[in-house]
Amino acid sequence: MSDRRRTRGFEKRSAGDAVWVSALASLGVVVVVILAVQFITGHAVPSGAHASHGIAGQPAAAQPQGDFFSNYGNYMPRSHCLMNQAGQPDWPWIIALIVLNLGVIVAYLRIYIFWCRSYFAEKRRDRNGKLMDLAQIFLWCAVCGYVASVVIFFWPGYRAVAVCLLMLNIWAWKFAANLKGFRATFSVNRYRRLAEEDTLTGLANRSTAVGRIRQELDAVADGASRGVAVLFLDFDRFKLVNDTMGHDAGDDLLVQIAGRLRGTLDAAQPGRGSGLAGRIGGDEFVVVLGDIPCIEDADRVAKRLQDALAPAYKLNGKPAHSSASIGIAWTDDASADPDGLVRDADIAMYEAKARGRGGRLFFDEHMSEAVHQRAALDHDLRLALERHEFRVFYQPIVRLDDGRVSGFEALVRWRHPERGLVPPDQFIPVAEEIGVIHDLGHWVFEQACRQLITWRERFDPGLTMNINVSQRQLTDPDLADRFLDTARRLSLPPSAVSLEITESTIVTGAGDAVRAIRDRGFRLAMDDFGTGYSSLACLHEFPLDVLKIDRAFIANLEGRRDYAAVINAIASLAGNLGFKVTAEGIETADMVAQLQALDCHYGQGYFFHKPAEADIIAAYLDNRQAMPCAG
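Residues numbered from 1 in each chain as written. Predicted model: local features only at pLDDT ≥ 70, side-chain atom pairs only at ≥ 80, totals over all residues. Heavy atoms only, no water.

Caption draft 1: Representation of the environment of D401 in the model. With respect to the helices and strands, the residue D401 is situated in the loop between β8 (390–399) and β9 (405–416). Taking relative accessible area as the criterion, D401 reaches 56% and is therefore assigned exposed. Linking D401 and Q596, residues 195 residues apart in sequence, is a C-alpha distance of 6.8 Å. A distance of 3.2 Å separates the side chain of D401 from the side chain of R399, its partner in a polar contact. (Helix = DSSP H or I, 4+ residues; strand = E, 2+ residues; numbered from the N terminus. Buried < 20%, exposed > 50% of the residue type's maximum accessible area, 1.4 Å probe, protein only. Polar contact = N/O pair within 3.5 Å; in protein donor to acceptor, adjacent residues only side chain to side chain.)

Caption draft 2: Spotlight on the nonpolar core. Formed by 76 residues in total, the largest nonpolar core has its most connected members in I467 and L499. Dropping the residues within four chain positions of it, L499 is found in contact with F445, I467, V469, F483, I517, F522, R523, L524 and A525. A229, V241, I257 and Y313 belong to the second-largest nonpolar core, a separate cluster that totals 30 residues. (Core = buried A, V, L, I, M, F, W, Y, C linked by side-chain atoms within 4.5 Å. Contact = heavy atoms within 4.5 Å.)

Caption draft 3: Seen up close, the pattern of salt bridges. Under the counting rule described, the total for this entry stands at 19 salt bridges. Residues D299 and R360 are paired through a salt bridge, measuring 2.7 Å at the closest nitrogen-oxygen approach. With D299 in helix α9 (residues 295–309) and R360 in strand β7 (residues 360–362), the pair connects residues that are 61 residues apart, well separated along the chain. The residue D402 makes a salt bridge to R399 at a minimum N-O spacing of 3.8 Å. Classification of R399 by relative accessible area gives partly exposed; the value is 31%. (Salt bridge = Lys/Arg side-chain N within 4 Å of Asp/Glu carboxyl O.)

Caption draft 4: Spotlight on the packing of helix α13 (residues 437–458) against helix α14 (residues 479–489). Their axes nearest at 10 Å, the elements α13 and α14 cross at an angle of 25 degrees. Judged on the interaxial angle alone, α14 and α13 are roughly parallel. You can see that α13 and α14 cross each other, and the crossing is right-handed. Of the residues in α14, those in contact with H442, F445, E446 and R450 of α13 are R482, F483, T486, A487 and R489. Residue classes in the contact of α13 with α14 are distributed as three nonpolar, two polar and four charged. (Axes fitted to C-alpha atoms, helices over the stretch in contact; angles between N-to-C directions. Parallel < 35°, antiparallel > 145°, perpendicular 65-115°, else oblique. Left-handed = near helix turned anticlockwise from the far one by under 90°. Nonpolar A, V, L, I, M, F, W, Y, C, P; charged D, E, K, R; others polar.)

Caption draft 5: Here's a closer look at empty space enclosed by the protein. Taken as a whole and judged by the stated rule, the model has one cavity of 30 Å³ or more. The calculated volume of the largest cavity comes to roughly 40 Å³. The wall of the largest cavity is formed by H438, H442, Q473, D476, L479, R482 and F483. Contributions of two or more residues to the lining of the largest cavity are made by α13 and α14. (1 Å grid on protein atoms, 1.4 Å probe; cavity = no way out; pocket = protein on both sides within 12 Å on 5 of 7 lines; lining within 4 Å. Points joined across faces, edges and corners; volume = space filled by probe spheres on them.)

Caption draft 6: How the structure looks around helix α7 (residues 238–245). Buried within α7 we find F238, L240, V241 and N242. Of the residues flanking the end of α7, it is G246, one or two places downstream, whose phi is positive at about 100 degrees.

Caption draft 7: The arrangement of the pairing of strand β1 (residues 228–235) in detail. Among the eight residues in β1, eight count as buried, and that is most of the element. Covered by surrounding structure in β1 are V228, V230, F232 and D234 together with A229, L231, L233 and F235, the residues of both alternating faces. Bridge analysis of β1 against strand β3 (residues 284–290) gives seven bridges, and the strand direction is antiparallel. Paired with F232 across the bridge in β3 is V286. One ladder, built from eight bridges, connects β1 with strand β6 (residues 324–331); its direction is antiparallel. Its bridge partner lying in β6, F232 is registered against G327. (Pairing = 2+ DSSP bridges.)

Caption draft 8: Up close: the sheet that holds strand β2 (residues 276–281). With mixed pairing, five strands are arranged side by side in an open sheet as β2-β3-β1-β6-β7. Each of the sheet's edge strands pairs with one partner strand only, and the pair in question is β2 and β7. With strand direction ignored, the average angle separating the axes of adjacent strands in the sheet is 20 degrees. The sheet contact formed by β6 and β7 spans three bridges and is parallel. Bridged to I326 within β7 is R360. Contacting β1, β2, β3 and β6, helix α6 (residues 206–221) crosses the sheet at an angle of about 20 degrees to β3.

Caption draft 9: Here's a closer look at the packing of aromatic side chains. Tallied over the entire structure, the rule returns ten aromatic pairs. Residues F408 and W455 carry aromatic rings whose centres are separated by 4.5 Å and whose planes lie at 45 degrees to one another, so their mutual orientation is tilted. You can see F408 sitting in strand β9 and its partner W455 sitting in helix α13, a full 47 residues away along the chain. The same class applies to F408 and to W455, which are both buried. Each ring, one from F607 and one from F608, has its centre 5.2 Å from the other, and the planes form 80 degrees; the classification is edge-to-face. Among the aromatic residues, those joined into a ring-pair cluster are F390, W414 and F427. The residue whose ring lies beneath R260 is Y313, and the NZ or CZ to ring-centre distance is 3.8 Å. (Phe/Tyr/Trp six-rings, centres within 6.5 Å; stacked < 30°, edge-to-face > 60°. Lys NZ or Arg CZ within 6 Å of the ring centre and 35° of its normal.)

Caption draft 10: Looking closely at the environment of A310. Relative to the helices and strands, A310 resides in the loop between α9 and β4 (313–315). A residue is classified by how much of its surface remains accessible, and A310, at 44% relative accessible area, is partly exposed. Sequence-distant contacts of A310, that is, excluding residues within four places in its chain, are made with R260 and H321.

Caption draft 11: Structural view of the confidence of the model for the chain. Mean pLDDT over the chain works out to 75, with 63% of the residues at or above the 70 mark. Mean pLDDT per element in the chain: helix α1 (residues 3–41) is the minimum at 50, and strand β11 (residues 464–468) is the maximum at 95. Overall, residues 1–19 carries pLDDT values under 50, and its contacts beyond four positions in sequence, including any with other chains, amount to 24 contacts. (pLDDT = per-residue confidence, 0-100.)

In structure tokens form, the structure reads like this:
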């Protein structure tokens, strides 16, 4: 007999034993109630020599006649409960009662403690609540047995009650003696579950999910299933939750996600049986769906899962959002590789995530090549700093009232030895994901500060430098101090540096890090203002110096009066709050004229100069009266 069958048999016997034990306990309660009623309604007199004495001045004939447990017709007084007829202590009876009493208490407490420990040792308490139910029954029996034994101490004439207590005692010790063997089978079963399930969420682990895919493929081969779909889910902002709210909050988020997956799968596959949800690792989950006739059906299930996972989660008493990107792999080929299906769904998920948060995408063969390129990019990016492949480009920021250069924005570029100049939108997200962004960001900061010192000494001591800071960098609690140490080491005042942080980053929970930077003396600029994430009601709460209007507004400025009105409103709002305004993406002289009329303070764009390396910008500064280059 296997350990699992042995454990199930033991649990069955436990359930059966619990039924009649609770019946005996209930009988004990009935006995106690009857005795209590008799004690309240009647008063005891001694039998034999004591029977001639009345109670409260009443004759013996007036005493209540009849007894529920005996035919003696008279009660015994409580003062004689432990005495024999000679008036001496009835030691055999006393010792027997004490043994019965202690036996019930010890046995049942032992059982109660065992079941409680078994219950709390399990993560998935919703699946083993019966353990605690049994523990409560055992405790109830112990209480009833204890009460019954106390009652017997005071009514030795009712020694028939001891039979019930004795039965409880014998069964309790018999059951308690079997706990050692059950603990072994229980532990084996528990370890087996640990090997098959994710310990945090209770979902299937990777090996179990792959095994389920293999079973579904076998069903396809037997004609019992029309196809298998694998959904690979990854959650946006999970790393941000871990970094800003702590790993306990991240674990809580994963548990809530698992609960929503379990609750949705049954409804998402009506008539086909529920799918299997598993956690692969981190914030990556997989869902296995059987009997899926076409890929469109898999897409409908994925859509329902996304709808269920979209509402806010409650973490540390605060709402948190984390949308799911889903990759879908489907096949009706029974010879397909289960691990290959998981890999294909994973590839599709990464492609969906690259196209935007909260998307879903089907796998196709062209994605494999893109994944190989991405893996090569990851590898090369980790070595790029050591190989000195990064470059810092600079773009002038110009005062719109007089055309003077007031500062620069530092922009990192990657000059790959084979791919050439890699745009930042291709490698910055990868750098954030693999953790390179921290070292890269600090390198850019130091290079830009060194260059600013050179230009301040050569051209204008009032020049400033804008340096971009990513959302991932702000999760470093020592970021502000590291920047300050670098500025002090280079003898550069922090006020000469403006750190640019995107509007969405500030609004979505980086307030403390932003204030720490501002407290160190650095200036702050909100980049991409107006892209749809801002909350104007709380804009005054942020310690900003500059609002940078997104280039999308500037590009539509000519011929669009509504965009001009928005820019005018932003400039007025910034003026009231004490902020300066910088317009990005200026490309024509007409744009400059309109922005001057709208009270914008600064501008940058190709009209003045495109981003370039330091030597080219230095030449531009030497001859800034000349017409700036285009393109």
